[in-house]
Amino acid sequence: MQQSYPGISASISEWKGQDIVNFQEELLLKVNAHISEKWFYTHMKADSGKLPRIDVLNLLSKYVGYADWNDFVYKNSGGQPGPVVSSGNRYFIIVPLLVIGVLGIFLLINKLISTREYTFCFYDTNTKDPIISFNTNTSINNNGLIEVSVIMENESPMNYLCGPDGCFTLKTDKSIIKMVVTSPYYRNDTITRILKKFNQHEMIGLQANDYALMLKYFSEMNVQDWQNRRIKLDEMFDDDAMIYQVMDDKRGTGMELYSKWEFIDKLTMPSQSLRNIEILNTKYVGDRIAVLRFRTSDLQP
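Numbering of residues begins from 1 in every chain and follows the order in which that chain's sequence is written. For a predicted model such as this one, the threshold for reporting local features is a pLDDT of at least 70, and the threshold for listing and counting side-chain atom pairs is 80 or more; totals across whole chains, interfaces and linings nevertheless cover every residue. The basis for every side-chain value is the complete set of non-hydrogen atoms in the structure, without hydrogens or water.

**Focus: the state of the cysteines**
So, step 1. Count a disulfide wherever a pair of cysteine sulfur atoms falls within 2.5 Å. Going through the model one piece at a time under the given rule, you end up with one disulfide.
So, step 2. Two residues share a disulfide in this structure: C121 and C167, whose sulfurs sit 1.8 Å from each other. Handedness here is read from the sign of the S-S torsion; for C121 and C167, about 110 degrees, the answer is right-handed. With a gap of 46 residues between them, C121 in strand 1 (residues 116-124) and C167 in strand 4 (residues 167-172) connect regions that are remote in the sequence. Put simply, DSSP H or I for four residues or longer makes a helix, DSSP E for two residues or longer makes a strand, and each gets a number counted from the N terminus.

**Some details on the pairing of strand 6 (residues 186-194)**
So, step 1. Pairing between strands is defined by DSSP: at least two bridges between the two strands are required. Both strand 5 (residues 176-183) and strand 6 contribute to a ladder of seven bridges, which runs antiparallel. Residue pairing across strands places S183 opposite Y186, the latter belonging to strand 6.
So, step 2. Hairpin geometry of strand 5 and strand 6 is characterised by an intervening segment of two residues between the two adjacent antiparallel strands.

**So, the environment of F122**
So, step 1. Looking at the secondary structure, you find F122 in strand 1.
So, step 2. The buried label applies to any residue whose accessible area, calculated with a 1.4 Å probe on protein chains only, is under 20% of its type's maximum; exposed applies above 50%, and partly exposed to all values in between. The class of F122 is buried, set by a relative accessible area of 0%.
So, step 3. The contact rule is simple, with two residues in contact once any of their heavy atoms fall within 4.5 Å. Not counting residues up to four positions away in its chain, the partners in contact with F122 are P130, I131, I146, V148, C162, G166, F168, V181, M203, I204 and L206.

**Brief notes about the sheet that holds strand 4**
So, step 1. Taking strand neighbours across the sheet as the criterion, the three strands line up as 4-1-7 in an open arrangement whose pairing is mixed. Strands at the two margins of the open sheet, each flanked by one partner only, are strand 4 and strand 7 (201-206). Adjacent strand axes in the sheet meet at a mean angle of 30 degrees when their direction is disregarded.
So, step 2. Where strand 1 meets strand 4, six bridges bridge the pair, whose relative direction is antiparallel. Bridge pairing in strand 4 places C121 opposite C167. Fitted lines through C-alpha atoms serve as axes, helices being fitted only where they are in contact, and the angles separating the N-to-C directions of these axes extend from 0 to 180 degrees.

**Comments concerning unusual backbone geometry**
So, step 1. Not every positive phi belongs to a glycine, and N32 is a case in point at roughly 55 degrees.
So, step 2. By the element assignment, N32 lies in the loop between helix 1 (18-31) and helix 2 (37-43).
So, step 3. In this structure N32 comes out as exposed when scored by relative accessible area, which is 66%.

**As for the packing of helix 1 against helix 3 (residues 54-63)**
Pairs of packed helices are described in terms of their axes, by the angle between the two and the distance that separates them.
So, step 1. Relative orientation of the contacting elements helix 1 and helix 3 amounts to 80 degrees, with a least axis distance of 10 Å. If you check the angle between helix 1 and helix 3, you find them roughly perpendicular. For the pair formed by helix 1 and helix 3, the contact residues are F23, E26, L27, K30 and V31 on the first element and L59, L60, K62 and Y63 on the second.
So, step 2. The residue makeup of the contact of helix 1 with helix 3, split by class, is six nonpolar, no polar and three charged. Any angle that falls under 35 degrees is termed roughly parallel, while one over 145 is termed roughly antiparallel, one within 65 to 115 roughly perpendicular, and all others oblique. Each residue is assigned to one class: nonpolar for Ala, Val, Leu, Ile, Met, Phe, Trp, Tyr, Cys and Pro, charged for Asp, Glu, Lys and Arg, and polar for all the others, Gly among them.

**A short note on the environment of W15**
So, step 1. With respect to the element layout, W15 can be found in the segment before helix 1.
So, step 2. Ignoring any residue separated from it by four or fewer positions in sequence, one finds W15 in contact with M1, I8, S9, I20, F23, F40 and K45.
So, step 3. In protein, a polar contact requires one atom able to donate a hydrogen and another able to accept it; more generally it is a pair of N or O atoms within 3.5 Å, and residues adjacent in sequence count only if both atoms are side-chain atoms. A polar contact of 2.9 Å, which involves the side chain of W15, links it to the backbone oxygen of S9.

**Comments concerning the pattern of salt bridges**
So, step 1. Note on definitions: salt bridges are taken to be side-chain nitrogens of Lys or Arg within 4 Å of carboxyl oxygens of Asp or Glu. Overall, the coordinates contain nine salt bridges when judged by the stated rule.
So, step 2. D55 is the partner of R53 in a salt bridge, and the nearest nitrogen-oxygen pair spans 3.0 Å.
So, step 3. Residue class for R53 comes out partly exposed when judged on its relative accessible area of 41%.
So, step 4. According to the relative accessible area criterion, D55 is partly exposed, its value standing at 29%.
So, step 5. Of the charged contacts, one joins R230 and D265 as a salt bridge, the two residues approaching to 2.8 Å between their closest N and O atoms. With R230 in helix 7 (residues 226-236) and D265 in helix 8 (residues 260-268), this pair connects stretches of sequence that are 35 residues apart.
So, step 6. A relative accessible area of 18% places R230 in the buried class.
So, step 7. Note on D265: relative accessible area 29%, which makes it partly exposed.
So, step 8. Bridged by salt links that share partners, the residues D234, D239 and K260 form one connected network.

**Re the packing of aromatic side chains**
So, step 1. Any pair of Phe, Tyr and Trp rings, taking the six-membered ring for Trp, is counted once the centres come within 6.5 Å. Such a pair is stacked with planes under 30 degrees apart, edge-to-face with planes over 60 apart, and tilted for the rest. Enumeration over the complete set of coordinates arrives at 15 aromatic pairs.
So, step 2. Where Y66 meets F72, the ring centres are 5.2 Å apart and the plane angle is 85 degrees; that geometry is what we call edge-to-face.
So, step 3. On the basis of relative accessible area, F72 is assigned to the partly exposed category, the value being 28%.
So, step 4. The structure contains a cluster of three or more aromatic residues connected by ring pairs, namely W15, F23, F40, Y41 and Y63.
So, step 5. The ring of Y284 is capped by R187, whose NZ or CZ atom sits 4.2 Å from the centre of that ring. To sit over a ring, a charge needs its Lys NZ or Arg CZ within 6 Å of the ring centre and within 35 degrees of the ring normal.

The values reported here are purely geometric and, on their own, carry no functional implication.
Structure (structure tokens):
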């Protein structure tokens, strides 16, 4: 200040009036900053025992030729680190942390509010009846279990098994879900749904796997016209079909492989060596069964 105003007092505590105005103009001109007259009296003309905020210390340091407050302290303390400004920059730390904390709480509350429970039930598109599993190997109405794999973006699939009522429940905050539905007696299907908050119970139609149902019917009923049944089975299976019988008994789990005609012969034998078939899985080539996995509840010698 004495370089710009040679007559000004060397003691800052004696500055007043025009001296303070001149000091404010100097700061504005040289470091493009402003301090109030009240601040000047609080910190420059009184000994409060506390350092000003770090931003004010930085601009005053720049005014006298230093990069910032830390530079001033370092160069005027023989290269030793300067004192920590206890209150100078606490607001620059606390305020951002508070903002981040509030945003985090808001996002958590929003996620909890938007997470809803949805129930999906399946019905037969032909009969329009709900798909119900009676969980018995002897009932021709046993539709088997329905497995659902919910595919989430950037996540591993979540797998669900429908209950006896053919329904499963999903909790999610997503607006769109994609699911792969598999069932022994219904065609596998990939389904995409836009979830609606006010419609949390939805029915989804599945197309019957006619061949699988027919095989089960053939294995359970005493069909007298076995020749026509063999003709129908011939039409159902691919010539190179791979047919697996899964056997679960006291000796452990085993498997027996049949060719197309070996399977047809056993299914149409008068002794019915294969009875009460439970279809586990089918795969098709065109409209014909290429792979069949099954088990029976009554194994005959």
